[in-house]
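Below, each chain spelled out in residue letters.
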Amino acid sequence: LAWQNSLMTASLAKIGRLFDPSFPFITKDGAQMIADIRAEPDEVEKMDALAEKASLGTISPQEKKEYDAWVREGMLLSILQAKARLFLKRLGPQI
């Protein structure tokens with residue numbers, strides 16, 4: 001678990017560099033697209049069902065793998081979106 005946390009910390013530092021204004025890898029439009037990503041309604045429904053099974057303890061091993069993958073992807077997307085919103089805020093309004 002410790003190595004996973006250190007790997008995640010290193011990965012987050014690298015992701016942060018994508019949004020560094022001194023190295024413009026991401027455009028304003030690209031950052032806006034990242035900030036606007038939303039799950040499809042059917043994905044949300046499936047995720048809610050898996051979350052309920054997980055909380056009730058009735059989730060199968062295969063469903064647990066799928067659920068865990070969704071959680072990891074959701075966390076990564078949340079971090080990317082937060083960084084994209086901060087990037088856009090720092091750019092300020094542009095005419």
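Look a little higher up for the structure.
Quick look at the structure, then. (Residues numbered from 1 in each chain as written. Predicted model: local features only at pLDDT ≥ 70, side-chain atom pairs only at ≥ 80, totals over all residues. Heavy atoms only, no water.)

Some points on the overall build of the protein chain
Here is step 1: Within the protein chain, the regular secondary structure consists of 4 helices and 0 strands.
Here is step 2: Within the span of the protein chain, comprising 95 residues, buried residues form 16% of the whole.
Here is step 3: Contacts spanning at least 24 positions in sequence make up 65% of the contacts within the protein chain whose residues lie at least 6 apart.
Here is step 4: Surface accessibility of the protein chain: about 7,300 Å² in total, with carbon and sulfur atoms responsible for 62%. (Helix = DSSP H or I, 4+ residues; strand = E, 2+ residues; numbered from the N terminus. Buried < 20%, exposed > 50% of the residue type's maximum accessible area, 1.4 Å probe, protein only. Contact = heavy atoms within 4.5 Å. Areas by Shrake-Rupley, 256 points an atom, 1.4 Å probe, with all protein chains shown as cover.)

Re the environment of Ile15
Here is step 1: Position of Ile15 among the secondary structure elements: in helix H1 (residues 2–18).
Here is step 2: In this structure Ile15 comes out as buried when scored by relative accessible area, which is 14%.
Here is step 3: Ile15 sits 64 residues away from Ile79 along the chain, and the two C-alpha atoms are 8.8 Å apart.

Side note on the nonpolar core
Here is step 1: Core analysis: the largest hydrophobic core is formed by 8 residues, namely Phe19, Ile26, Ala31, Ile34, Ala35, Ala84, Phe87 and Leu88.
Here is step 2: Of all the secondary-structure elements, those providing two or more residues to this core are helix H2 (28–35) and helix H4 (61–91). (Core = buried A, V, L, I, M, F, W, Y, C linked by side-chain atoms within 4.5 Å.)

Re the packing of H2 against H4
Here is step 1: It is the contact of H2 with H4, at a shortest axis distance of 8 Å, that shows an interaxial angle of 140°. Judged on the interaxial angle alone, H4 and H2 are oblique. Like other packed secondary-structure pairs, H2 and H4 cross with a definite hand, here left-handed. Residues Lys28, Ala31, Gln32, Ile34 and Ala35 of H2 form the contact with H4, whose own contacting residues are Leu80, Gln81, Ala84, Arg85, Phe87, Leu88 and Leu91.
Here is step 2: Among the residues forming the contact of H2 with H4, the class breakdown is 8 nonpolar, 2 polar and 2 charged. (Axes fitted to C-alpha atoms, helices over the stretch in contact; angles between N-to-C directions. Parallel < 35°, antiparallel > 145°, perpendicular 65-115°, else oblique. Left-handed = near helix turned anticlockwise from the far one by under 90°. Nonpolar A, V, L, I, M, F, W, Y, C, P; charged D, E, K, R; others polar.)

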